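A structural walkthrough
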Amino acid sequence: MWYHRPVINEELLQSLPNLKIVASSGVGIDHLDLKLISSYGVKVSNTPFVVSTDTADLGMALMLASSRRLVEGYQIAVSPDTEYFPADWLGAEVSGATLGIVGMGTIGYKVAERAKAFEMKILYHNRNRRNKEEESAVGAIYCKKIDDLLQQSDFVLLSVNLTPQTHKLIGKRELELMKPTATLINTSRGLVVDQDALVEALQNKVIKAAALDVTYPEPLPRDHPLLKLKNVIITPHIGSATKKTRRLMMENMMESIQAGLAGLPIPNEVL
Amino acid sequence: MSKKVQAIYLWWHKPVIDQELLQSLPNLKVIANSGVGMDHLDLKLVASFGVKMANAPRAVSSSTADTGMALLLASARRLVEGYHIAMSSGMEYCEADILGVKVTGATLGIIGMGSIGYKIALRAKAFEMNILYHNRTRRKEQEEQAVGATYCETIDSLLQRADFVMVVVSLTPQTHKLIGKREMELMKPTATLINISRHSYSKPGAVVDQEALVTALQTGVIRAAALDVTYPEPLPRDHTLLKLKNVIITPHLGIKTDKATYMITEEAVENILAALNGLPIPSEVLPS
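Residues numbered from 1 in each chain as written. Chains lettered and ligands numbered in written order. Predicted model: local features only at pLDDT ≥ 70, side-chain atom pairs only at ≥ 80, totals over all residues. Heavy atoms only, no water.

**Remarks on the packing of aromatic side chains**
We apply this condition: Ring pairs shown here join Phe, Tyr and Trp side chains whose ring centres sit within 6.5 Å, with only the six-membered ring taken for Trp; geometry is labelled stacked below 30 degrees between planes, edge-to-face above 60, and tilted in between. Think of it in three bands: residues with accessible area under 20% of the maximum for their type are buried, residues over 50% are exposed, and the middle band is partly exposed, with areas taken using a 1.4 Å probe on protein chains only. Secondary structure is summarised from DSSP: a helix means a run of H or I of at least four residues, a strand means a run of E of at least two, and numbering begins at the N terminus for each. We count a charge as sitting over a ring when the NZ of a lysine or the CZ of an arginine lies within 6 Å of the ring centre and within 35 degrees of the ring normal.
In this structure the tally under the stated criterion is three aromatic pairs over all chains. With a centroid separation of 5.9 Å and an interplanar angle of 70 degrees, the aromatic rings of Tyr9(B) and Trp11(B) are classed as edge-to-face. Classification of Trp11(B) as partly exposed rests on a relative accessible area of 33%. Arranged with centres 5.1 Å apart and planes meeting at 50 degrees, the rings of Tyr133(B) and Tyr151(B) form a pair that is tilted. Here Tyr133(B) is found in strand S5 (residues 130–134), whereas its partner Tyr151(B) is found in strand S6 (residues 149–151), with 18 residues between them in sequence. When sorted by exposure, Tyr133(B) lands in the same class as Tyr151(B), which is buried. Cation over ring: Arg123(B) sits above Phe118(A), and NZ or CZ is 5.0 Å from the ring centre.

In structure tokens:
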């Protein structure tokens, strides 16, 4: 399946008696009712690790683009009305700033590796603490309470899975804990953020800006307030959208499908 | 009033320092420049009045390196195009419109490995990029090893192998039109050109041959370009570069951050205070 289509529901499963495997693209499996699918004896696979570096790269791209006002700058550079470039127009520095990573799994850790090279101070919040070697390799400081991370970060980057526990993880309370000069970056799932609370926070300058590769729904309805805010960048869920990675994803899915059909152990099976 | 002026802090290139101004300020001791480039100043003329000069070299490198990486990532991942698709009204798009090129593990060729080029190499290394560089002089072995950079004695060998070509030189007679038709044809058709070179306020021209670039982008000789500097700035509103889908142009973001501005001013103040106290000036610039 590609991009959550087709929808795997009771009706579909009943109509396909010989279905053996659902191979899902990407790492997220929040769109699948695993219990339901398993009850029909159907296996499930995803493509976990192959998407990690591209998603981390995009997280960095969004942080830099937002902070340095790249999209706004582009619009000035190409606008038919531009006569000269404004002299007092400034962005915010990324190098040396504090990055708070919420969700330090594979993707979060790769973001930390990249951010370290920009001499960023790195804080992280995770269900489990990483070991000392992993922490010191990227100079990351553990925040047991998410509040500590939110209060100190110039950039808050979300790279968690979507689960019942992370649903609306970032709401009004969390946004108010963030610095008014902070930027929220989301490369995980739209539902991790309370979107209405985010709109209000951006409108009232509770936080400075947001850069989102994911929203709920995707795409947003065309009259959604997020699309009108100047301090928001949205990209169309391109976290893993490179030719190389898409090819690798498809190869992984083919391997899983072939193993599933042959009754062999399935690579990247989701249990 | 003019007898009281002992120091001038040049913000970008104003005020203009000419004979008339220098003659009207008999007690002027030092001119401190914001930023690195000094070619808007007649160094010999200023020195002939016994006035010292200084620039602000340290503050600029991280901000400019960040700009280079921001442009590289935005171009590779088609961020501006993606933004328009996500934010526009009712735009149909297909997969091919949003697929970008992978940055992690790709080959970056840095042309000009000064302090900015080196900071770019440090950042690119964290993206597991394979780093090639071309410079007037080769860096020390430890410096090369620290970023895993391979020296390319000829620019050609860099151009042929790089997925991303980052140009970080100053504009001089030697670097004028350094990247022209010949250089672009040596590049891979899948490659991206990024230009964050320091240009001149007084000398015309650019490091990249813009007409050749237009042709190269239109005919698929290279994949895309991202330019923080153009000639002139801004480009005429009917220039083809403004219309090409595979070009990102930014309005000389370079060092335009709050932090860099603060640090440049700090450096300038250090220079001014040293000059007024008769002490060695940290970033003195002498007429060569």
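Past the structure itself, the notes keep going.
**What about the packing of helix H3 (residues 52–67) of chain A against helix H5 (residues 106–116) of chain A?**
Residue and element names in this part refer to chain A. Applicable threshold: Interaxial angle, 0 to 180 degrees, is taken between N-to-C directions of lines fitted to C-alpha atoms, where a helix line uses only the stretch in contact. Here the angle decides the label: under 35 degrees means roughly parallel, over 145 means roughly antiparallel, 65 to 115 means roughly perpendicular, and every other value means oblique. Helix crossings get a hand from a simple test, with the near helix turned counterclockwise from the far one by less than a right angle marking a left-handed crossing and a clockwise turn marking a right-handed one. Whether two residues are in contact is decided by their heavy atoms: any pair within 4.5 Å suffices. Gly falls in the polar group here, along with every residue not listed as nonpolar (Ala, Val, Leu, Ile, Met, Phe, Trp, Tyr, Cys, Pro) or charged (Asp, Glu, Lys, Arg).
Put simply, H3 and H5 touch, their axes get as near as 8 Å, and they point 50 degrees apart. On the basis of the axis angle, H3 is oblique to H5. By crossing handedness, the relation of H3 to H5 is classed as right-handed. Across the interface between the two elements, Ser 52, Thr 53, Thr 55, Ala 56, Asp 57 and Met 60 from H3 touch Thr 106, Ile 107, Lys 110, Val 111, Arg 114 and Ala 115 from H5. Among the residues forming the contact of H3 with H5, the class breakdown is five nonpolar, four polar and three charged.

**Overview of the UniProt feature "domain: D-isomer specific 2-hydroxyacid dehydrogenase NAD-binding" (unreviewed entry) in chain A**
Basically, it comes down to this: UniProt positions are given in the numbering used here, feature names are shortened, and annotations may be inferred rather than shown by experiment.
With numbering matched to this structure, UniProt assigns "domain: D-isomer specific 2-hydroxyacid dehydrogenase NAD-binding" (unreviewed entry) to residues 60–239 of chain A. From the first C-alpha to the last, residues 60–239 of chain A spans 11 Å; its make-up is 32% helix and 16% strand.

**Things to note about the interface of chain A and chain B**
Put simply, the rule reads: For this document, the term salt bridge refers to a Lys or Arg side-chain nitrogen within 4 Å of an Asp or Glu carboxyl oxygen.
Each side of the interface is counted separately: chain A has 60 residues, and chain B has 56 residues. In this structure, Arg123(B) and Glu119(A) form a salt bridge, with 3.9 Å as the shortest nitrogen-oxygen distance. Put simply, the parts of the chain that give the side of chain A that touches chain B at least two residues each are H3, helix H4 (70–78), H5, strand S9 (232–234) and helix H10 (243–262) of chain A. Top element by residues in the side of chain A that touches chain B is H3(A). It accounts for nine residues. The residue makeup of the side of chain A that touches chain B, split by class, is 34 nonpolar, 13 polar and 13 charged.

**Focus: the environment of Met113(B)**
Residue and element names in this part refer to chain B. Within the secondary structure, Met 113 sits in the loop between strand S4 (107–111) and helix H6 (115–126). Since its relative accessible area comes to 2%, Met 113 is described here as buried. Not counting residues within four places of it along the chain, the set of residues in contact with Met 113 comprises Tyr 118, Ala 121, Tyr 133, His 134, Asn 135, Arg 139, Val 147 and Ala 149.

**Notes on the side chain of His134(B)**
Residues and elements named next belong to chain B. Spelled out, the test is: In protein, a polar contact requires one atom able to donate a hydrogen and another able to accept it; more generally it is a pair of N or O atoms within 3.5 Å, and residues adjacent in sequence count only if both atoms are side-chain atoms.
Position of His 134 relative to the elements: it lies in strand S5. A distance of 2.9 Å separates a polar atom in the side chain of His 134 from the backbone oxygen of Cys 152. Not counting chain neighbours up to four residues away, the residues in contact with His 134 comprise Ile 110, Ile 111, Gly 112, Met 113, Cys 152, Glu 153, Thr 154, Ile 155 and Leu 158.

**Digging into the confidence of the model for chain B**
What counts, and what does not: Every residue gets a pLDDT, meaning the predictor's confidence in that residue, from 0 to 100.
On average, residues of chain B carry a pLDDT of 92, and 98% of them reach 70 or more. For this predicted complex, the interface confidence score (ipTM) comes to 0.94, while the overall pTM stands at 0.92.

**Re the UniProt feature "domain: D-isomer specific 2-hydroxyacid dehydrogenase catalytic" (unreviewed entry) in chain A**
The UniProt record annotates "domain: D-isomer specific 2-hydroxyacid dehydrogenase catalytic" (unreviewed entry) at residues 2–270 of chain A. Here residues 2–270 of chain A runs as 36% helix and 13% strand, with 16 Å between its end C-alpha atoms.

**Things to note about the pairing of strand S8 (residues 209–212) of chain A**
Residue and element names in this part refer to chain A. The condition is simple: Paired strands, as defined in this entry, are two strands with at least two bridges between them according to DSSP. Consider the strands pointing away from the viewer: the crossover is right-handed when the path from the first strand over the helix to the second runs clockwise.
Here S8 shows no split at all, with Ala 209 and Ala 211 on one side and Ala 210 and Leu 212 on the other all buried. Bridge count for strand S7 (residues 183–186) against S8 is four bridges, and the pairing is parallel. Pairing of Ile 185 across the sheet is with Ala 211, part of S8. Each parallel crossover has a hand, and the one from S7 via helix H9 (residues 195–203) to S8 is right-handed. Bridge count for S8 against S9 is three bridges, and the pairing is parallel. Within S9, the residue paired with Ala 211 across the bridge is Ile 233.

**Re the domain arrangement of chain A**
For interface size, the figure often reported is the accessible area lost on association. All names here are of chain A. Using the following cut-off: Residue ranges for the domains trace back to a domain assignment, done automatically or taken from a database. Take the accessible area each of two parts loses on contact, using a 1.4 Å probe, and add the two losses: that sum is the buried area.
Each domain of chain A was delimited in the assignment, giving domain 1 (10–49 + 242–262) and domain 2 (52–83 + 90–234). A separation of 30 Å is found between the C-alpha centroids of domain 1 and domain 2. On the domain 2 side, the residues contacting the six residues of domain 1 number five residues. Both faces combined, the contact of domain 1 with domain 2 buries some 500 Å², and carbon together with sulfur accounts for 39% of it. The interface formed by domain 1 and domain 2 includes one salt bridge. Residue Arg 189 is joined to Asp 30 by a salt bridge in which the shortest nitrogen-to-oxygen separation is 3.1 Å. Counting every contact that joins domain 1 to domain 2 gives four residue pairs in polar contact (both at pLDDT 80 or more). For the side of domain 1 that touches domain 2, the per-class residue count stands at two nonpolar, three polar and one charged.

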